[in-house]
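# Summary of the model geometry
This is what each chain is made of:
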Amino acid sequence: MRHTISVLVENKFGVLSRISGLFSGRGYNIESLSVNETTDPQVSVMTIVTTGDDWIIEQITKQLNKLIDVIKVVDMTELDHVEREMVLIKVSPRQEDKAEVLRLAEIFRGRVVDSSQKTYTIEITGEEKKIEAIVELLRPMGIKEFVRTGKIAIAREGIKKS
Amino acid sequence: MKITGAEIFIECLKKEGVKHMFGYPGGVVLNIFDRLHDEKDLQLILTRHEQGAVHAADGYARATGKPGVVLVTSGPGATNTVTGIATAYMDSIPMVIFTGQVPTLLIGNDAFQEADIVGITRPCTKHNFLVKDVEDLAQVIKEAFHIAMAGRPGPVLIDLPKDVTTHKAEFVYPESVKLRSYNPTYEGNKYMIKQAAEMVAHAKRPVIVAGGGVVLSGASKELKEFAEYADLPVTMTLMGLGGFPGSHRLSLGMLGMHGTFYANKSIQESDLLIAIGMRFDDRVTGKIDAFAPHAKIIHIDIDPTSIRKNVRVDIPIVGDVKKVLTVLNKVMKEEVKEQWVEVRKAWAKQLDAWRKERPMTYDRDSEVIKPQYVVEKIYELTKGDAIIATEVGQNQMWAAQFFKYDKPRTWLSSGGLGTMGYGFPAAIGAQLAFPNKLVIDIAGDGSIQMNIQELATAVINKLPVKVAILNNRYLGMVRQWQELFFQERYAHTKLDDTVPDFVKIAEAYNAVGLRATKKSEVEPVLKEAFSIKRPVFMDFVTDWHEKVYPMVPAGAAIDNMLFYEETKKSEKKLKAVK
Ligand SMILES: Cc1ncc(C[n+]2csc(CCOP(=O)(O)OP(=O)(O)O)c2C)c(N)n1
Ligand SMILES: [Mg+2]
């Protein structure tokens, strides 16, 4: 099963490679990884999406906790939480599809952040499913390239999933 | 007053109570070496290879319980430490390794003798640091010693750029360390301990499996109390030897691939395993699905990742082994009804039957020197009062099987990594810590050649280490596998004529060399060696054909064993296993 794990780390030299080295060295899988600042400049948060059965996920969280620079590990999947991801999609539609591209962007609450004679670049934020849906819809119109940020996640306040 | 980084380094080590370290000089650490030149209370032992320095510090740490300290130069000096660090990491040995580094401004420039040692050792250290500013040095050293010893111990590396050793700062050594990101759990959960105690009280066929954690946490006394009070048989992993007295009536000896029949059998028939400070290594469990099929498992370990890593556990207890056993003993005595006397009798009877059925054995009548005989003789002559280091291979297994370790920290062997070349420098480290103890490296003719240069270190420092080479002219353990699983095709394991004359080598280094070629010469050679207050190489020319038994073929269940008595028969059985 897929898990989103949030890892608070000391913002120290080499900490990213400690984490990625742990995953590669033990053969765990990383689907996406994002690293960001927090309110405390000495602390960063990493959001890691990984897959594995319960045994593996238990090992991953324990192994992460064991790293000296890791302050806290939260398996978001066990909590009620909000997940978001952003994608930038550059499409180069045929003339007759241009209106449809803009319409789709609007339906998905996207924004056109750049345009040229041949292309539009659209920014979309949302959950993974939404991102995948828009990518699928735009694909036939000619996606030139796209970039995804990877997931970030935050727990909802005060509610524990039963 | 401001002092240089090199001086801060020395002051910090003194504050940590370091008396000895091991190392090798080079360009970027010259400032530190220069400061050490006048030091009386802080002695650096110059080894002849950086790997030797790390193993020596490791042996020092295993024998004393204090962290081993190493100082080497950048680049090749640093990379030469990697095997030693990985060895210590696998066996959870506390060490602090200082490597020189090129000046901060040159880092990343492919400068002369630059190596990214922090990157290289990241996966084989408990933690590592690059110090970029002399202002941070004292704090980093304090943290490094703390991390090396806290929780599950391990090696910590500090990379010191040259300019950091010359820049000046005010020296303030922190009184204590508090890391918000590292707070190991020492106290076991009381509720779980109570549950465990109830289980122990009700078990019909319980077995304790004691690992290296017992030795590391200094819990031998508590373990003995626990085993004796509840009448629990104890088997040990390779790392656990000495954690419980090998000559105790409750001892079953070592378990696993080359464990005793009765230890492995007890596991397979057990209804309760009490795993203490061990991590279910594959050399211990054999085929994991067939391991301890009838047993509930209580697992006590300070490292949460060791628990439920490869076996299911019924009662997990995260905590320091000594602390948990102390509470467990109290609960056993005060809160649990003593009701096991009768059931234990039946179990003890069964264990005795297994002991009689398959005792540890070898051909004791042979005139050719049997390696097991040499180990037994060492045990007999020393009465077990010695520190034994080992190399890796058959020599290591025989040293584990035929010597009974009654005290912790008297058995120094590379368990997790299985590093040939470990034993001799480790013995040197232990001898430095205990100048008056008899320290013996039980070696193979292959392994001893991996760090043989350290004989110079032993001689010059007057460390009277004894090396008993079980010389079978083969990379014996590999040969054993080739004999059993590769139709006796001895690809690159026959050393034969190329084995050097160890007596002459000893003499060339100004040490003593002795040789025994017949059984009757073994005892006189050992006696002579033990009476000489200098390093001695003993060359025991042993039966090359000897194999380590019992043996569980890799991937088989641990009661699927091959036995000495039935070499012929068991080889047939082996074909069936394959
Ligand atoms: C550094 C290293 N290289 C290779 C091995 C693989 N290996 C394990 S045992 C062994 C043979 C050891 O030969 P020797 O020291 O003569 O011991 P014996 O088994 O003959 O007692 C080898 C090559 C190892 N454990 N360590
Ligand atoms: Mg050999």
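Above: the structure in question.
Read on for an overview of the structure. Residue positions are counted from 1 within each chain, in the order its sequence is given. Written order decides the labels, with chains lettered from A and ligands numbered from 1. The predicted nature of this model means local features are confined to residues of pLDDT at least 70 and side-chain atom pairs, given and counted, to a pLDDT of 80 or more, with totals for whole chains, interfaces and linings taken over all residues. Only heavy atoms go into the side-chain values, all of them from the structure, while hydrogens and water stay out.

All names here are of chain B. What makes a salt bridge here is a side-chain nitrogen of Lys or Arg within 4 Å of a carboxyl oxygen of Asp or Glu, nothing more. Per the stated rule, a full pass over the model turns up 50 salt bridges over all chains. Notably, a salt bridge pairs Glu 7 with Arg 35, separated by 3.7 Å at the nearest N-O pair. With Glu 7 in helix α1 (residues 5–15) and Arg 35 in helix α2 (residues 30–36), this residue pair connects regions lying 28 residues apart in the sequence. Arg 355 serves as the salt-bridge partner of Asp 352, at 3.0 Å between the closest nitrogen and oxygen. Placement of the pair is Asp 352 and Arg 355 together in helix α15 (residues 341–357), with a separation of 3 residues, close to one helical turn. The rule is simple: take the accessible area with a 1.4 Å probe, protein chains only, and divide by the maximum for that residue type; under 20% is buried, over 50% is exposed, in between is partly exposed. Among the residues examined, Asp 352 registers a relative accessible area of 36% and is labelled partly exposed. Starting at the N terminus, helices and strands are each numbered in turn, a helix being any DSSP run of H or I of at least four residues and a strand any DSSP run of E of at least two.

Here we take up the packing of aromatic side chains. The geometry of an aromatic ring pair comes down to the distance between the two centres and the angle between the two planes. All names here are of chain B. For Phe, Tyr and Trp, rings pair up if their centres lie within 6.5 Å, where Trp contributes its six-membered ring, and each pair is then called stacked (planes under 30 degrees apart), edge-to-face (over 60) or tilted (otherwise). Applying the stated criterion to the full structure yields 17 aromatic pairs over all chains. With a centroid separation of 5.6 Å and 85° between ring planes, the pair formed by Tyr 362 and Phe 402 is classed as edge-to-face. Highlighted residues: Tyr 362 in the loop between α15 and α16 (371–382) and Phe 402 in helix α17 (residues 394–402), separated in sequence by 40 residues. There is no split in this pair, since Tyr 362 and Phe 402 are both buried. Ring pairing ties together the aromatic residues Tyr 379, Phe 403, Tyr 405 and Trp 411, which thus form one cluster. Put simply, a charge is over a ring when the Lys NZ or the Arg CZ is close to the ring centre, within 6 Å, and near the line of the ring normal, within 35 degrees. Over the face of the ring belonging to Tyr 474 we find Arg 479, whose NZ or CZ atom lies 5.6 Å from the ring centre. Looking at Lys 519, its charged tip hangs above the ring of Tyr 373, at a distance of 5.0 Å from the centre.

As a further point, take the site of ligand 1. All names here are of chain B. Neighbouring ligand 1 are 17 residues; Gln 394, Gly 418, Gly 446, Ser 447 and Gly 476 lie closest to it. Between Met 477 and ligand 1, the recorded distance is 2.8 Å, taken from a backbone N or O atom to an oxygen atom. Note on areas: Shrake-Rupley, 1.4 Å probe, and residue coverage restricted to the protein chains presented here. Starting from 580 Å² of accessible surface for ligand 1 in isolation, the protein chains cover 77%. Put simply, the parts of the chain that give the shell around ligand 1 at least two residues each are α17 and α20 (476–485). Broken down by element, the shell around ligand 1 gets its largest block of residues, 3 residues, from α20. The residue makeup of the shell around ligand 1, split by class, is 7 nonpolar, 9 polar and 1 charged. A cutoff of 4 Å decides nearness: a residue is near a molecule or strand if any of its heavy atoms lies inside that distance of it. Contacts described as polar in this section are N or O atom pairs within 3.5 Å, which, within protein, must combine one atom able to donate a hydrogen with one able to accept it, while residues neighboring in sequence count only if both atoms come from side chains. Each residue is assigned to one class: nonpolar for Ala, Val, Leu, Ile, Met, Phe, Trp, Tyr, Cys and Pro, charged for Asp, Glu, Lys and Arg, and polar for all the others, Gly among them.

Moving on, we get to the interface of chain B and chain A. Across the contact, 21 residues belong to chain B and 19 residues belong to chain A. Interface area for chain B against chain A, summed over the two sides, is near 1,800 Å², with a carbon-plus-sulfur share of 50%. There are 4 salt bridges connecting chain B and chain A. The shortest N-O distance in the salt bridge between Arg 308 of chain B and Glu 58 of chain A comes to 2.8 Å. Contacts are assigned to residue pairs that have any heavy atoms within 4.5 Å of one another. Two parts placed together each lose some accessible area under a 1.4 Å probe, and adding up what both lose gives the buried area.

Residues and elements named next belong to chain B. Pairing within the open sheet is parallel, and its 6 strands lie in the order β11-β10-β9-β12-β13-β14. Since the sheet does not close on itself, it has two edges, and those belong to β11 (251–254) and β14 (315–318), each with one partner. Direction aside, the axes of adjacent strands within the sheet are offset by 15° on average. Here a strand pair is declared whenever DSSP counts at least two bridges between the two strands. Alignment of strand β9 (residues 206–210) against strand β12 (residues 272–276), held across 5 bridges, turns out to be parallel. Across the sheet, the residue bridging to Val 207 is Leu 273, located in β12. Strands in contact with helix α9 (residues 190–202) are β12, β13 (296–301) and β14; relative to β14, the strand with the most contacts, it is inclined by about 135°. Axis definition: a line fitted to C-alpha atoms, over the contacting stretch in the case of helices. Angles run 0 to 180 degrees between N-to-C directions.

With that settled, the discussion passes to a nonpolar patch on the surface. All names here are of chain A. Patch rule: a residue counts if its relative accessible area is over 30% and it has no salt bridge; like charges are joined within 9 Å, and nonpolar side chains (Val, Leu, Ile, Met, Phe, Trp, Tyr) within 5 Å. Together, Leu 88, Val 113 and Val 147 line one region of the surface with nonpolar side chains, adding up to about 220 Å² of accessible area. Relative to the elements of secondary structure, Leu 88 occurs in strand β5 (residues 81–91). Taking the relative accessible area as the measure of exposure, Leu 88 reaches 32% and is therefore partly exposed.

Before going further, it helps to examine the side chain of Gln 51 of chain B. All names here are of chain B. Residue placement: Gln 51 occurs in helix α3 (residues 50–64). Take Gln 51: its relative accessible area is 14%, and that puts it in the buried class. Here His 55 takes part through its side chain, which lies 2.9 Å from a polar atom of the side chain of Gln 51. Ignoring sequence-local partners within four residues, the contact set of Gln 51 consists of Asn 80, Thr 83, Thr 419, Met 420 and Asn 451.

Turning our attention to unusual backbone geometry. All names here are of chain B. The omega angle of the peptide bond from Tyr 549 to Pro 550 is -5°, so this bond is cis rather than trans. Secondary-structure assignment places Pro 550 in the loop between β20 (536–541) and α23 (567–577). For Gln 487, which is not glycine, the phi dihedral falls at a positive 50°. Take Gln 487: its relative accessible area is 58%, and that puts it in the exposed class. At Asn 510, a position not held by glycine, the phi torsion is positive, near 70°. Topologically, Asn 510 is positioned in the loop between α21 (502–508) and β19 (512–516). Residue classification places Asn 510 among the exposed residues on the basis of a relative accessible area of 53%.

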